[in-house]
Amino acid sequence: MFESKSGIVFVAGIGFFALAFVSNAFVPALMYKNIPEKKVEELITPNLRYQFEDLARRFPESFEKAYGTPPEAPEENEKWWNEQCATALRRGHKIYVGEGCWHCHSQFVRPVSNEEQRFGPVSRSWEYQNELQRPVLFGTRRVGPDLSREGGRRSNDWHAVHFYHPLDLSEGSPMPDYPWFFDGSPDKPNERGLAIMTYVQWLGSWLESYPYYESYVPSPLVKPEAEEEAGQ
Amino acid sequence: MSAASISTGAHAEAHTHHDLVDEKIVRWYFITALIFLGTSMVAGILMAMQLIRHNPLNGIEIFSAGRWRMIHTNAVAYGFLANGFLGCLHWSIPRLTLQPVFNKHLSWLIYGAWQFVVGATAVGILFGEAQALEWGETPVWIDPVAQLGLLLVAINFMTPIARMKGPMYVTLWYFMAAFVWTFLTYAMGNFMPQYYVGGTSAGAVGGLFIHDLVGLFVTPLGWGLMYYFVPIILKKPIWSHGLSLVGFWGLAFFYPLQGIHHFLYTPIPMFLQYGAVVSTIAVELVVTTVVINFFGTLWGNAGVVKTNIPIRFFYTGMIYYFLTCLQCSFQVTLTFQKIIHFSDWVVGHAHMVMFGVFSMWIMGMMIHLFPRMLNRPWASQNLLEWHYWLSTIGVGFMAGDLILLGVFQGWSWAALEPWDASVDFSYPFWVLRVIAGLAMFGGLLAFAQNIRLTMQAAAKEKAVRA
Ligand code: HEM
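Everything numeric in this text was worked out from a predicted model, so none of it was measured.

Conventions we followed
- Residues numbered from 1 in each chain as written.
- Chains lettered and ligands numbered in written order.
- Predicted model: local features only at pLDDT ≥ 70, side-chain atom pairs only at ≥ 80, totals over all residues.
- Heavy atoms only, no water.
- Helix = DSSP H or I, 4+ residues; strand = E, 2+ residues; numbered from the N terminus.
- Rg over C-alpha atoms; globule rule 2.2 N^0.38 Å.
- Buried < 20%, exposed > 50% of the residue type's maximum accessible area, 1.4 Å probe, protein only.
- Contact = heavy atoms within 4.5 Å.
- Areas by Shrake-Rupley, 256 points an atom, 1.4 Å probe, with all protein chains shown as cover.
- Lys, Arg positive; Asp, Glu negative; His and termini not counted.
- Charge placed at Lys NZ, Arg CZ, Asp CG, Glu CD.
- Expected span 1.5 Å × (residues − 1).
- Polar contact = N/O pair within 3.5 Å; in protein donor to acceptor, adjacent residues only side chain to side chain.
- Donors = N, O, S within 2.8 Å, 3.2 Å for Na, K, Ca; no water.
- Tetrahedral: all angles 85-135°; square planar, octahedral: opposite > 155°, others 65-115°.
- Buried area = accessible area lost by both parts, 1.4 Å probe.
- Salt bridge = Lys/Arg side-chain N within 4 Å of Asp/Glu carboxyl O.
- Nonpolar A, V, L, I, M, F, W, Y, C, P; charged D, E, K, R; others polar.
- Phe/Tyr/Trp six-rings, centres within 6.5 Å; stacked < 30°, edge-to-face > 60°.
- Patch = residues over 30% accessible without salt bridge, like charges linked within 9 Å, V, L, I, M, F, W, Y side chains within 5 Å.

Student: Looking at this structure, how should I read the overall build of chain B?
Tutor: A count of helical and extended segments in chain B gives 15 helices and zero strands. Relative to a compact globule of 466 residues, whose C-alpha radius of gyration would be 23 Å, chain B shows 22 Å and is just as compact. A burial count over chain B gives 65% of its 466 residues as buried. Summarising the internal contacts of chain B: among those between residues at least 6 apart in sequence, 83% fall at separations of at least 24. Here chain B has roughly 16200 Å² of accessible surface; of this, 72% comes from carbon and sulfur atoms. Across chain B, the mean location of the 21 positive side-chain charges is 15 Å away from that of the 18 negative side-chain charges.

The following block contains the structure:
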């Protein structure tokens, strides 16, 4: 067997591969079989909706250009927001993958090295059972911090400026500039910019303690009408 | 037995080498491989410049460092390593089996299809279409073509092996297994996480994929070729057949079982993580036997390392291999993982094995084969020395620098220092990495220049004769 063609093809080639496949891939697949995989539509929480509507308020022109205007009727209106939010999430995920963000940022918090204190609760299996983790974005390198608890930690304005030119907000940052997420300036995110911000704000928005960040201060949010009143 | 197969190899040369080996395709594979290596290194330098904030192309969409980092790893794996290995296989398999490949036209079809796959991958990545799978970033729509290509490769090379009579030499064990494994690995890694499993279990599959690609495609082809070229150049058989058996079967059994060690401390069940750790340490022992076997073969002829450049490349690679594996048996333990995971330690490890070992071997084989195909010696011995020393010192420097930096980063993170602190103190190390990278790139340029000179001389000679 050890030096024969059939031994090598069937035992070493197929047999050992299959053994490893069963133990290292099939077993975990079976173990998580009972956690249903969520569709993007099921991932929209009030936390995320809040951030998404916040984008609409902060960047009204950009938002209208990318998503149009919401319908008036209340039920339709609700449905419309959820649909647009799902579209933005899908698109944001695609950008996150295509730009290789996941080669510089991980998306899982380990139970060691004080990561729980730095980033937030340790990651658990159910958090990854959804369409946007297919293939899973654990990541293997952290040039920048873990992002799995990033949602709500910074305001949308912060993200816009940061994506446009990270050095403006973070001295010495090696993160690349992403001017193509904008139409010329950080206050004009385009469809891609809105999508990646929605995606980043989604990360961790499913947790009860959201956002998990010690020194979190809610960003002051003023509704457009209130702003107008104040201006008058 | 090993001695027997080698002498039949020599026998073939006397009679039918040109019927067996299509030298032109070997040359084409080699040149293409080197072009991709150059591309990959430029991409690596671009990413390295981004980290030290001196990327001249920052802010231009298709030159985004994140995208070029994916070009970097993909060009090296599929453009350089795969092409380099295919070239060497076109030389060694027909000579070992005394049978031509299944079909020479098919060989060229595969060559073309493969360059299409690599080129399309690069274009896909540049335009933001990557798939979220480390080393499997090939956009989803190219995957079936690549899969078909791998099937054709297996058919083309398995046929001569199947037709061959008599005992099989060690090299062929590795090759046969590698063809089966590569096909299965690619299918598993690129389709399962995309279509069938999600979440954490997809993480397990992804880990298995990155790992198997190195362990079941690159490693067996690399060692198989070493078992072929080292005894031929040293003109003596491998030291111990028993150790060859241990090496092959140990690798075959333990290597695939380790996939999950890339994702320790993830939500993947702990008992599976322990299993991966234990089999990783087991494979380290197996590797040691292989390295001992090769140094046993060199025993008594060590002087050859000074005079014979290919042998020098091979054995330098083996020393780096041993070091990488030694490093690995530490880094795989959960104690080390706490600190070094996610840090530059891992990047140092990756360069030590991918460049220090496999690229050194491929370049060594190229140095051995080019003169045989061009029928003349290398134009410049000096350039060969430059190539060797720049590559060896460059990669040693890069790996040492990054491994040390990784430890510092890990400690800084665990100590809850602000994130920026870890970026700030990495700066000088990252600068050193750029310098080391430029040295490696310089080595490649020396090699390219040498090939050019040698080919020109060969062409001139042909013209004179005609
Ligand atoms: C000019 C020389 C090179 C330079 C400057 C360079 C630079 C880089 C950089 C900056 C990264 C990203 C590291 C990070 O995310 O922190 C990287 C990753 C990588 N490089 Fe290179 N590289 C070079 C040559 C090579 C070669 C020749 C190979 C393979 C034969 C290679 C294999 C890899 C691999 C496998 C990774 C991924 C590491 C990981 O994800 O852990 N590199 N390289």
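So much for the structure itself; the text now carries on.
Student: Sorry, what's going on with helix α14 (residues 381-414) of chain B here?
Tutor: An α-helical turn contains 3.6 residues, so a residue and the one three or four places further along point in the same direction. All names here are of chain B. Between its first and last C-alpha atoms α14 spans 50 Å; for 34 residues at 1.5 Å apiece the expected length is 50 Å, and the two agree. Its side-chain oxygen 3.3 Å from the backbone nitrogen of Asn382, Ser380 forms the N-cap of α14. Just past α14, the residue Leu416 takes up positive phi, approximately 60 degrees.

Student: Could you clarify how one ought to interpret the coordination of the iron atom of the ligand in this entry?
Tutor: Residue and element names in this part refer to chain B. Each protein donor to the iron atom of the ligand is listed here as His72 (NE2) and His351 (NE2); together their distances run 1.9 Å. Geometry at the iron atom of the ligand is octahedral, judged from the six donor atoms that bind it and their angles of 87 to 179 degrees at the metal. Linking His72 in helix α3 (residues 65-97) with His351 in helix α13 (residues 344-374), this pair joins segments that are 279 residues apart in sequence. Given the relative accessible area of 18%, His351 is considered buried.

Student: I keep staring at the interface of chain A and chain B and nothing clicks. Help me out?
Tutor: A common way to express how large an interface is: the accessible area buried when the components associate. Contacts between the two partners involve 75 residues from chain A and, on the opposite side, 93 residues from chain B. Between chain A and chain B the total buried area reaches about 6900 Å² when both faces are included, carbon and sulfur atoms providing 66% of it. Counting across the chain A and chain B interface gives three salt bridges. Among the ionic pairs, Arg67 of chain B bridges to Glu99 of chain A, the shortest N-O distance being 2.6 Å. The element contributing the most residues to the side of chain A that touches chain B is helix α1 (residues 5-31) of chain A, with 20 residues. Looking at the side of chain A that touches chain B, its residues break down into 39 nonpolar, 22 polar and 14 charged.

Student: Would you mind showing me how to read the packing of aromatic side chains here?
Tutor: One pair of aromatic rings is described through two measures. These are the centre distance and the angle between the planes. Residue and element names in this part refer to chain B. Inspection of the entire model under this criterion finds 53 aromatic pairs over all chains. Between the aromatic rings of Tyr78 and Trp114, the centroid separation amounts to 6.4 Å while the plane-to-plane angle is 65 degrees, which identifies the pairing as edge-to-face. Here the residue Tyr78 occupies a position in helix α3, and Trp114 occupies one in helix α4 (residues 104-126), the gap between them amounting to 36 residues. Its relative accessible area of 8% is what places Tyr78 among the buried residues. Ring geometry for Trp173 and Phe248: centres 5.8 Å apart, planes at 70 degrees, overall edge-to-face. Here Trp173, found in helix α6 (residues 170-196), pairs with Phe248, found in helix α8 (residues 241-254); they are 75 residues apart in sequence, far enough to count as distant.

Student: Help me understand a nonpolar patch on the surface in this model?
Tutor: All names here are of chain B. Side chains of Ile319, Phe322, Leu323, Leu326, Phe330 and Phe336 sit close together on the surface and give an oily, nonpolar patch of about 500 Å² of accessible area. If you trace the backbone, Phe322 turns up in helix α11 (residues 309-331). Classification of Phe322 as partly exposed rests on a relative accessible area of 31%.

In short, the description is geometric, and any link to function would need to be established separately.
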